[in-house]
Amino acid sequence: MQTEIEIKFFVTSNIQESLSNLLNSLEIISSNQAALGNVYFDTSDLGLRGLEMGLRIRRSDDFSEQTIKCRGQVVGGLHARPEYNAPVEGTIPTLSAFPADIWPSLAVRDELQSRLVAQFSTDFLRRHWLIAFGDAEIELAWDQGEIAGALGRTGIDELELELKSGDARALFTLASKLAALGGLRLGAQSKAQRGYRLAGLGKPLAVQPLQRIEGKGQKASITLGMQHWQHHEQLWLESGDAGEQQRALHALLEGVSLVAEAAGTLTVPPSWLADLQAQQRLMMQVAGDRASLHALFHHADLVGLQLSIAAWLHLGG
């Protein structure tokens, strides 16, 4: 088992030249590219999703591998999930290849095995670079392709930074350099989450109430606020309905306010609090101007702020 720690960005404009310039300034250990085909599996009643697991078979020219990802956490574009990998033969994953202790029981595992079916696929070209950065080794992957499900297809254009070894601080430092290029947004949604929705099996993005938590401390409140903020930022960007956008913006600002309030009660306020308050004021100033809000949600300063909060949460302040 390994815990995958990665930061995901959605690419929103042409970054080829600026990314090449950044890569030329870094120490590249190796680089390669491969066409990857991925099929995701679940039961018809989403038994694996109910266990907060994701299951896929990934194939390329020279390998075939099955992977299961277990419950993890996504905050500020940082994805941390336990995952297990095993070779696979045939077209259906073999759940017994994974450790027995990840299942509620072996009977549950075997019952799920009997009902596995393919649900959606993702196919993309992955260009990746292994980078020596500080005392860490970090893989940068650029995925471009598409997700296909029963409801249609949608594009993939993502950058992912994955910590292979070393200190996670290096991961955030390199992510900040990427964010400063512009043309990127932090991605809180995985390919699997998008695929389930495209297969007609995932809940559509919708406005959610902010369920404040009492007695768990400021860090828990900041985590909740960040998740609420990013969920509704994504909804605002995807929605074509003006009323839903307005409700999403209201909920987004609730999340931002919760982060600011919780951070402001800390004995030593975090270094990012002043930037957050400035961005909060700016959001409220341009709330009625869709074009300005759209530009703000894609601005490198806001992406950098979200990364700073995620780093503070993950690294312990």
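Residues numbered from 1 in each chain as written. Predicted model: local features only at pLDDT ≥ 70, side-chain atom pairs only at ≥ 80, totals over all residues. Heavy atoms only, no water.

**Thoughts on the confidence of the model for the protein**
Selection rule: Per residue, pLDDT measures the predictor's confidence, with a range of 0 to 100. For the purposes of this entry, the term helix denotes a DSSP run of H or I that reaches at least four residues, the term strand denotes a run of E that reaches at least two, and both are numbered from the N terminus.
With 96% of its residues at a pLDDT of 70 or more, the protein shows a mean pLDDT of 93. Averaged pLDDT values over the elements of the protein bottom out at 60 in strand β5 (residues 73-75) and peak at 98 in helix α3 (residues 106-113).

**Concerning the packing of aromatic side chains**
This is how the line gets drawn: For this analysis, a ring pair means two rings from Phe, Tyr or Trp (six-membered ring only for Trp) whose centres lie within 6.5 Å, classed as stacked if their planes differ by under 30 degrees, edge-to-face if by over 60, and tilted for the remaining angles. Buried residues are those whose accessible area, probed at 1.4 Å on protein chains only, stays under 20% of the maximum for their type, while exposed residues exceed 50% and partly exposed ones sit between those limits. The criterion is that NZ of a Lys, or CZ of an Arg, lies within 6 Å of the ring centre and within 35 degrees of the ring normal, and then a charge sits over that ring.
What the rule picks out here adds up to four aromatic pairs. Residues Phe-120 and Tyr-196 carry aromatic rings whose centres are separated by 5.3 Å and whose planes lie at 65 degrees to one another, so their mutual orientation is edge-to-face. Residue Phe-120 is found in strand β7 (residues 117-133), and its partner Tyr-196 is found in helix α5 (residues 191-198); the two are separated by 76 residues along the sequence. Judged on exposure class, the residue Phe-120 and its partner Tyr-196 are both buried. Across from the ring centre of Phe-10, 5.7 Å away, lies the NZ or CZ of Arg-194, which sits over that ring.

**With respect to the pattern of salt bridges**
Put simply, the rule is: The salt bridge definition used is simple: a Lys or Arg side-chain nitrogen within 4 Å of an Asp or Glu carboxyl oxygen.
Summed over all chains, the structure comprises 18 salt bridges. In this structure, the salt-bridge partner of Asp-45 is Arg-115, at a minimum N-O distance of 3.0 Å. Residue Asp-45 is found in the loop between β2 (27-42) and α2 (47-50), and its partner Arg-115 is found in the loop between α3 and β7; the two are separated by 70 residues along the sequence. Of the charged contacts in the structure, one is a salt bridge between Asp-110 and Arg-109, with a shortest N-O distance of 3.0 Å. On the basis of relative accessible area, Asp-110 is assigned to the partly exposed category, the value being 41%. Overall, Arg-109 belongs to the buried group, its relative accessible area being 12%. Ionic contacts of the salt-bridge type, sharing partners, join the residues Lys-8, Arg-126, Asp-143, Glu-158, Glu-160, Lys-191 and Arg-194 into one network.

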